[in-house]
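Structural overview for review
Letter by letter, the chains look like this.
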Amino acid sequence: MLSVAVLISGTGSNLRALLEAADDPGYPARIVAVGADRDASGLAHAAAFDIPSFVVPFRDYASREEWAEQLGHRLDEIQPDLIVLSGLMRLLPASLVARWQPRIINTHPAYLPEFPGAHGVRDALAAGVAQTGASVIVVDDGVDTGPILAQERIPVLPGDTEDILHERIKPVERRLLIEVVRRIATGDIDLSAPPARP
Ligand code: GAR
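Residues numbered from 1 in each chain as written. Predicted model: local features only at pLDDT ≥ 70, side-chain atom pairs only at ≥ 80, totals over all residues. Heavy atoms only, no water.

1. A word on the overall build of the chain
This is how the line gets drawn: For helices the rule is a DSSP run of H or I covering at least 4 residues; for strands it is a run of E covering at least 2, with both sets numbered from the N terminus onward. Atoms counted for the radius of gyration: C-alpha only. Globule rule: 2.2 Å times residue count to the power 0.38. Think of it in three bands: residues with accessible area under 20% of the maximum for their type are buried, residues over 50% are exposed, and the middle band is partly exposed, with areas taken using a 1.4 Å probe on protein chains only. Whether two residues are in contact is decided by their heavy atoms, any of which lying within 4.5 Å being enough. For accessible areas, the Shrake-Rupley method is used with a probe of radius 1.4 Å. Any residue's cover is judged against the shown protein chains and nothing else. Here Asp and Glu are counted as negative and Lys and Arg as positive; His is not counted, and neither are the chain ends. Charge placement uses NZ in Lys and CZ in Arg. For Asp and Glu, CG and CD serve respectively.
For the chain, the count of helices and strands is six helices and seven strands. Its C-alpha radius of gyration of 16 Å places the chain within 12% of the 16 Å reference for a compact globule of 198 residues. Once the C-alpha set of the chain is aligned to its principal axes, its extents read approximately 45 × 45 × 35 Å. For the chain, the residues scored as buried account for 47% of the 198 residues in total. Partitioning the intrachain contacts of the chain with sequence separation of at least 6 by distance along the chain shows that 63% fall at a separation of at least 24. Surface summary for the chain: the accessible area is close to 9200 Å², and the carbon and sulfur share equals 52%. Of the side-chain charges in the chain, 18 are positive and 27 negative, and the distance between the mean point of each set is 2 Å.

Structure representation (structure tokens):
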């Protein structure tokens, strides 16, 4: 059984979907902890599923490195098989990535390598593209530059706002994330030999 720690910053709707999937005894992964960089509302989902949660508040630390060192201590205590960044809106420093690579994956609301970074949905809308997408990638020490594990196209429709488009992307992200975690757990995806970027 694959043990998974999930890190969030926000509402945690993708976390919720993963918790629901993992609640099925037939699903080959278990969520063992949920962490956040702030008092994220999504932590309530962990409580609802009796999953332990923790907060390492970014603003309590003088630097990203000091914050990440404390986050790293928490993860070392938990020793998950896999870390899922599910809306964690912080860059992890290279030292923390190196400690866990390749066992950290990230969901992103765009069709990478298009529109990386913190505003994937906004940037796609601003670019006026006809379609964007959702991606699940392995985290490396760049910004959304790691190997792509799954992705899918989503059309941009007339009248889309950032919120409307994001809410249409998220269900696709959830489906991709649940499937990728399942495939990692069953060995169908080998994170030590992920596919190269096209
Ligand atoms: C998701 O769309 C996730 O891909 C995105 O934040 C959202 C979190 O939603 N992450 C990024 O943009 C990272 N660059 P949620 O809190 O409702 O799951």
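2. Thoughts on helix α5 (residues 120-127)
Since the α-helix advances by 3.6 residues per turn, residues separated by three or four positions end up pointing in the same direction. Stated formally: Throughout, the arc means the angular range of directions from the helix axis out to the C-beta atoms.
Along α5, the residues that are buried comprise Gly120, Val121 and Ala124. An end-on view of α5 places all buried positions within 100° of arc, on one side of the element. Looking at the residues trailing α5, positive phi occurs at Gly128, about 70°.

3. Structural notes on the side chain of Ser135
Rules: We call two N or O atoms a polar contact when they sit within 3.5 Å, provided that within protein one can donate a hydrogen and the other can accept it, with sequence-adjacent residues counted only if both atoms are side-chain atoms.
Along the chain, Ser135 falls in strand β6 (residues 131-138). Among the polar contacts made by the side chain of Ser135, one reaches the main-chain carbonyl oxygen of Ala110 at a distance of 2.6 Å. Side chain to side chain, Ser135 and Gln151 meet in a polar contact 3.2 Å long. The residues contacting Ser135, other than those within four sequence positions of it, are Asn106, Thr107, His108, Ala110, Tyr111, Leu112, Ala150 and Gln151.

4. Observations concerning the layout of surface pockets
Worth spelling out the cut-off: The method works on a 1 Å grid over the protein atoms by themselves. A cavity is a set of points holding a 1.4 Å probe that cannot get out, a pocket is an open set with protein on both sides within 12 Å along at least five of seven lines, and residues with an atom within 4 Å of a point line them. Grid points are joined across faces, edges and corners, and a volume is the space filled by probe spheres set on the points. For this scheme, ten residues count as nonpolar: Ala, Val, Leu, Ile, Met, Phe, Trp, Tyr, Cys and Pro. Four count as charged, namely Asp, Glu, Lys and Arg, and the remainder, Gly too, count as polar.
The volume enclosed by the largest pocket comes to roughly 840 Å³. For the lining of the largest pocket, the secondary-structure elements that each account for two or more residues are α1 (13-22), β5 (104-108), α5, β6 and α6 (162-186). Here the lining of the largest pocket is built from residues that sort into 13 nonpolar, 18 polar and eight charged.

5. So, the pattern of salt bridges
Here is the rule: For this analysis, a salt bridge means a side-chain nitrogen from Lys or Arg found within 4 Å of a carboxyl oxygen belonging to Asp or Glu.
Counting across every chain of the model gives twelve salt bridges. Two residues, Arg90 and Asp37, come together in a salt bridge whose shortest N-O distance is 2.7 Å. Taken as a pair, Arg90 in the loop between β4 (82-85) and α4 (94-100) and Asp37 in the loop between β2 (29-36) and α2 (43-48) lie far apart in primary sequence, 53 residues in all. Note on Asp37: relative accessible area 2%, which makes it buried. Residue Glu162 is joined to Arg122 by a salt bridge in which the shortest nitrogen-to-oxygen separation is 3.1 Å. Taken together, the residues span a long stretch of sequence, with Glu162 in helix α6 and Arg122 in helix α5 at a distance of 40 residues. Accessibility expressed as a relative area gives 28% for Glu162, which makes it partly exposed.

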